[in-house]
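A look at the structure
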Amino acid sequence: MESHIYGIITELLKLSATDINCDELGGKYYLSNEEQHFRVTIFSNDYVIRLTNTRDSVAEKYDKVFVDDVLRAVKEEKHHRMEQVCDSITTSIEKMAERLHNTLIESNDHEKHTIKLMETAKYNEDKKAN
């Protein structure tokens, strides 16, 4: 029975449509996949796992080691997803910084060119005045 439950939970974790929510202080972990009409609630303090679909809801108490293994898989997937989000944000920030850097370089080059033109015009005026 435990291997079947573990299989269901790991398959849910593989689906990007599965939401993972945690209330670590309360010891509750939630998996929800609306596409599959399936929810899992893990009560880590009581070692209870509840499986719910559109027709049934079954809650069973399991061995501490088994629940800890399930929680480890849930936490690893949550951590993996958070890393992906952080990597995506980091990449976006790096791209924005690169664009800003390039804009500043272009602006600086434009200013240098304008100053050079102004200096050339002033030199020509001074030359004509002499």
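See above for the structure.
In short, a report on the structure. For clarity, every value in this text was computed on a predicted model and none was experimentally measured.

This part covers the overall build of the protein chain. A tally of helices and strands in the protein chain yields 2 helices and 5 strands. Written out in order from the N terminus, the α and β elements of the protein chain read α-β-β-β-β-β-α. In terms of C-alpha radius of gyration, the protein chain reaches 30 Å, well past the compact-globule figure of 14 Å for 130 residues. Across its three principal directions, the C-alpha atoms of the protein chain cover 100 × 25 × 20 Å. Counting across all 130 residues of the protein chain, residues that qualify as buried make up 23%. Partitioning the contacts of the protein chain with sequence separation of at least 6, the portion at a separation of at least 24 is 33%. Taken as a whole, the protein chain presents about 9900 Å² of accessible surface, with 53% of it coming from carbon and sulfur.

Once that is clear, we can look at a nonpolar patch on the surface. Judged by side-chain polarity, Val85, Ile89, Ile93 and Met96 come together as a nonpolar surface patch covering roughly 370 Å² of accessible area. Position of Met96 among the secondary structure elements: in helix H2 (residues 64-129). Judged by relative accessible area, Met96 falls into the partly exposed class, the value being 46%.

Strand order in this open sheet of 5 strands is S1-S2-S3-S4-S5, and the pairing throughout is antiparallel. In this open sheet, the two edge strands, each paired with only one partner strand, are strand S1 (19-23) and strand S5 (57-61). Taking the axes of each pair of neighbouring strands and ignoring which way they run, one obtains an average angle of 10° across the sheet. In the sheet, strand S2 (residues 28-33) pairs with strand S3 (residues 38-43) via 6 bridges, with the strands oriented antiparallel. Opposite Asn33, over in S3, you have Phe38 as the bridge partner.

Reading guide: rules and limits
- Residues numbered from 1 in each chain as written.
- Predicted model: local features only at pLDDT ≥ 70, side-chain atom pairs only at ≥ 80, totals over all residues.
- Heavy atoms only, no water.
- Helix = DSSP H or I, 4+ residues; strand = E, 2+ residues; numbered from the N terminus.
- Rg over C-alpha atoms; globule rule 2.2 N^0.38 Å.
- Buried < 20%, exposed > 50% of the residue type's maximum accessible area, 1.4 Å probe, protein only.
- Contact = heavy atoms within 4.5 Å.
- Areas by Shrake-Rupley, 256 points an atom, 1.4 Å probe, with all protein chains shown as cover.
- Patch = residues over 30% accessible without salt bridge, like charges linked within 9 Å, V, L, I, M, F, W, Y side chains within 5 Å.
- Salt bridge = Lys/Arg side-chain N within 4 Å of Asp/Glu carboxyl O.
- Pairing = 2+ DSSP bridges.
- Axes fitted to C-alpha atoms, helices over the stretch in contact; angles between N-to-C directions.

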